[in-house]
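The lines below spell out each chain.
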Amino acid sequence: MVIPYRTRHPLPTQADVSKVTAPPTKPLRVAVIGTGFGAAVHIPALQFIEETEVVAVCSRRAERAKAVAARHGIPTAATDFRDLVRDPDIDAVVIATPPYLHHQMAIAALEARKHVLCEKPMARNLAETRDMVKLAETAGVVAMINHEFRYLPIRARVKELIDEGYLGVPQSASLIVYRSSLADPNERPFGWLMEHDKAGGMLLASGSHHIDALRWWLGEIHAVAGTTATMVKKRRLADSSGMATVDADDNFAFLLRFASGAIATVHVCATAPTDAGEQITLSGTEGMLIVEGDGVLYGGRRRDVDLRELPIPERLEVELPEFPHFLTRPTIQLLRDWVRAIREGAGATFAPSFADGAKVQEVIDAVVRSGAQGRWIDTSGSRWPLSSAV
Ligand SMILES: NC(=O)c1ccc[n+]([C@@H]2O[C@H](COP(=O)([O-])OP(=O)(O)OC[C@H]3O[C@@H](n4cnc5c(N)ncnc54)[C@H](OP(=O)(O)O)[C@@H]3O)[C@@H](O)[C@H]2O)c1
């Protein structure tokens with residue numbers, strides 16, 4: 001089903017895309033690298049879509065790769081992603097491994113001229129994302145980042161309302177999250193998310209989604225100030241043999257100044273004693289929008305006495321079955337746009353490009369630098385060619 005979204009976001013450069021487009025009658029043959037979110041969300045999403053076929057899955061542990069392949073009826077189980085990117089019978093890869101591996105995996109896939117859908121955060125730092133953008137542009141393939149929250153109907157509605165002028169001139173936004181997911185050092189075991197070297201930390205993991213959302217709604221970000229903190233400093237090893245030291249953040253806060261002059265604050269605490277959820281508020285000269293969790297949208301215009309609940313139009317509620325993971329549905333929509341871009345070369349889509357991922361990464365790097373240096377960081381200049389940047 002075609003998603004009836006309007007878009008103002010062009011795709012990455014697609015000039016050469018026809019050179020590597022799979023035959024239109026055959027499904028796109030996709031390999032999924034990573035069997036965490038990859039198995040929970042990407043494989044069911046790709047198997048739901050008629051235009052794609054999951055032909056291989058990859059995990060470091062052979063038994064894990066084999067088990068996932070058997071469970072989902074996937075013909076190939078691999079332990080080395082290089083075998084998959086070299087395979088001429090594979091058209092595209094989904095990279096759903098820890099973020100410190102995204103750069104090397106994406107570069108290998110792009111060099112082999114495979115289409116890529118890479119999980120967020122795009123990479124470890126801006127330098128890595130630059131490489132990835134440049135190579136994607138010259139490889140003539142379609143490369144996207146899985147910021148699938150854009151496809152939640154409530155988020156898409158916010159985008160429409162802002163573009164239609166509901167807020168008037170946007171002035172201020174806040175995005176506040178209090179969750180308990182990392183509060184207990186004995187609950188979620190130590191892993192890459194707690195390791196700085198592996199590009200763990202909540203700023204990269206969830207901050208990337210928040211920056212993407214605010215930039216998508218409010219435009220380019222020209223200045224950043226912020227800080228990160230690690231509140232839970234030791235965490236149980238997976239085998240419970242001891243405690244490991246955590247050096248990635250579990251709390252962060254930052255300020256953004258947009259090109260338009262609007263300002264925003266983002267505050268995330270993943271170590272709260274209980275879950276208070278997420279609230280996003282956007283305010284402008286004429287109106288105000290509040291997103292409660294991912295569920296309810298409230299709005300109010302100038303001179304309204306109260307905020308009221310705003311309906312989400314049915315046309316934004318794409319008909320899809322329920323899946324065990326709530327992010328499978330928006331991922332299906334993003335994957336459909338990815339496939340449409342591969343098949344048709346462009347088309348109406350607001351799927352996040354590699355250039356979007358790189359701009360998000362620039363802001364993340366700026367938060368870290370701001371915290372270390374105690375000053376605002378200017379992100380206004382494109383200090384490198386990004387022809388596909390929005
Ligand atoms: N878009 C979203 O909303 C969303 C949500 C959650 C996660 N994510 C992203 O998805 C990515 C993966 O996160 P996760 O939660 O799935 O992590 P995870 O549960 O730790 O799974 C990581 C997977 O990567 C595999 N892997 C690690 N090193 C590998 C290598 N060298 N070659 C092949 N496979 C390797 C692991 O295999 P072994 O287990 O065999 O080592 C495992 O299957 C991250 O970038 C994360 O930010 C995105």
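Just so you know, these numbers come straight off a predicted model, no measurement behind them. (Residues numbered from 1 in each chain as written. Predicted model: local features only at pLDDT ≥ 70, side-chain atom pairs only at ≥ 80, totals over all residues. Heavy atoms only, no water.)

S.K.: Just checking my understanding: could you explain the pairing of strand β13 (residues 277-284) for this structure?
M.R.: Strand residues, when the strand is regular, have side chains that alternate between the two faces of the sheet. Across 8 bridges, strand β7 (residues 170-178) lies against β13 in antiparallel orientation. What sits directly across from Pro170, in β13, is Gly284. Judged from the 5 bridges that link them, β13 and strand β14 (residues 287-292) form a sheet pairing that is antiparallel. Residue pairing in the sheet places Gln279 in a bridge with Glu292 of β14. The turn joining β13 and β14, which pair antiparallel and follow one another in sequence, is formed by 2 residues. (Pairing = 2+ DSSP bridges. Helix = DSSP H or I, 4+ residues; strand = E, 2+ residues; numbered from the N terminus.)

S.K.: Would you take a moment to explain the sheet that holds β7 for this structure?
M.R.: Strand-to-strand pairing in sheets goes through backbone hydrogen bonds, with the strands running parallel or antiparallel. Read from one edge to the other, the open sheet built from 9 strands follows the order β16-β15-β14-β13-β7-β12-β11-β8-β17, with strand pairing classed as mixed. Looking at which strands have only one partner, the edges of the open sheet turn out to be β16 (308-309) and β17 (377-378). Of the strands in this sheet, β8 (221-229), β11 (251-258) and β17 are in contact with helix α9 (residues 354-373), which crosses β8 at around 60°. (Contact = heavy atoms within 4.5 Å. Axes fitted to C-alpha atoms, helices over the stretch in contact; angles between N-to-C directions.)

S.K.: Whenever I open this one, the domain arrangement of the chain confuses me. Can you help?
M.R.: Reports of interface size often rely on the accessible area that becomes lost once the parts have come together. Each assigned domain of the chain is listed here: domain 1 (17-148 + 328-353) and domain 2 (150-311 + 358-373). Measuring from the centre of the C-alpha atoms in domain 1 to the corresponding centre in domain 2 gives 26 Å. Each partner contributes to the interface: domain 1 provides 23 residues, whereas domain 2 provides 19 residues. When domain 1 packs against domain 2, the two sides together hide about 1900 Å² of surface, and 64% of this comes from carbon and sulfur. The interface formed by domain 1 and domain 2 includes 0 salt bridges. On the surface where domain 1 and domain 2 come into contact, there are 10 residue pairs in polar contact (both at pLDDT 80 or more). Of all elements in the fold, only α5 (126-139) and α8 (328-344) reach the threshold of two or more residues within the side of domain 1 that touches domain 2. Looking at the side of domain 1 that touches domain 2 residue by residue, the class counts come to 13 nonpolar, 6 polar and 4 charged. (Domains from an automatic or database assignment. Buried area = accessible area lost by both parts, 1.4 Å probe. Salt bridge = Lys/Arg side-chain N within 4 Å of Asp/Glu carboxyl O. Polar contact = N/O pair within 3.5 Å; in protein donor to acceptor, adjacent residues only side chain to side chain. Nonpolar A, V, L, I, M, F, W, Y, C, P; charged D, E, K, R; others polar.)

S.K.: Whenever I open this one, the nonpolar core confuses me. Can you help?
M.R.: One recurring pattern in soluble globular proteins is that nonpolar side chains are buried together. In this structure, Leu214, Trp217, Leu282, Leu289, Trp338 and Phe354 are the most contacted members of the largest nonpolar core, which totals 118 residues. When residues in this core are grouped by element, the largest group, 10 residues, is from helix α7 (residues 202-218). Counting residues domain by domain, this core receives three or more from each of domain 1 (17-148 + 328-353) and domain 2 (150-311 + 358-373). Those residues in contact with Trp338 that sit more than four places away from it in its chain are Leu28, Val30, Ala92, Val93, Val94, His115, Val116, Leu117, Val142 and Met144. (Core = buried A, V, L, I, M, F, W, Y, C linked by side-chain atoms within 4.5 Å. Buried < 20%, exposed > 50% of the residue type's maximum accessible area, 1.4 Å probe, protein only.)

S.K.: Help me out: how do you make sense of the sheet that holds strand β6 (residues 143-145) in this one?
M.R.: One open sheet accounts for 6 strands, arranged β3-β2-β1-β4-β5-β6; its pairing is parallel. Edge strands, defined here as strands with exactly one partner in the open sheet, are β3 (76-78) and β6. Direction aside, the axes of adjacent strands within the sheet are offset by 20° on average.

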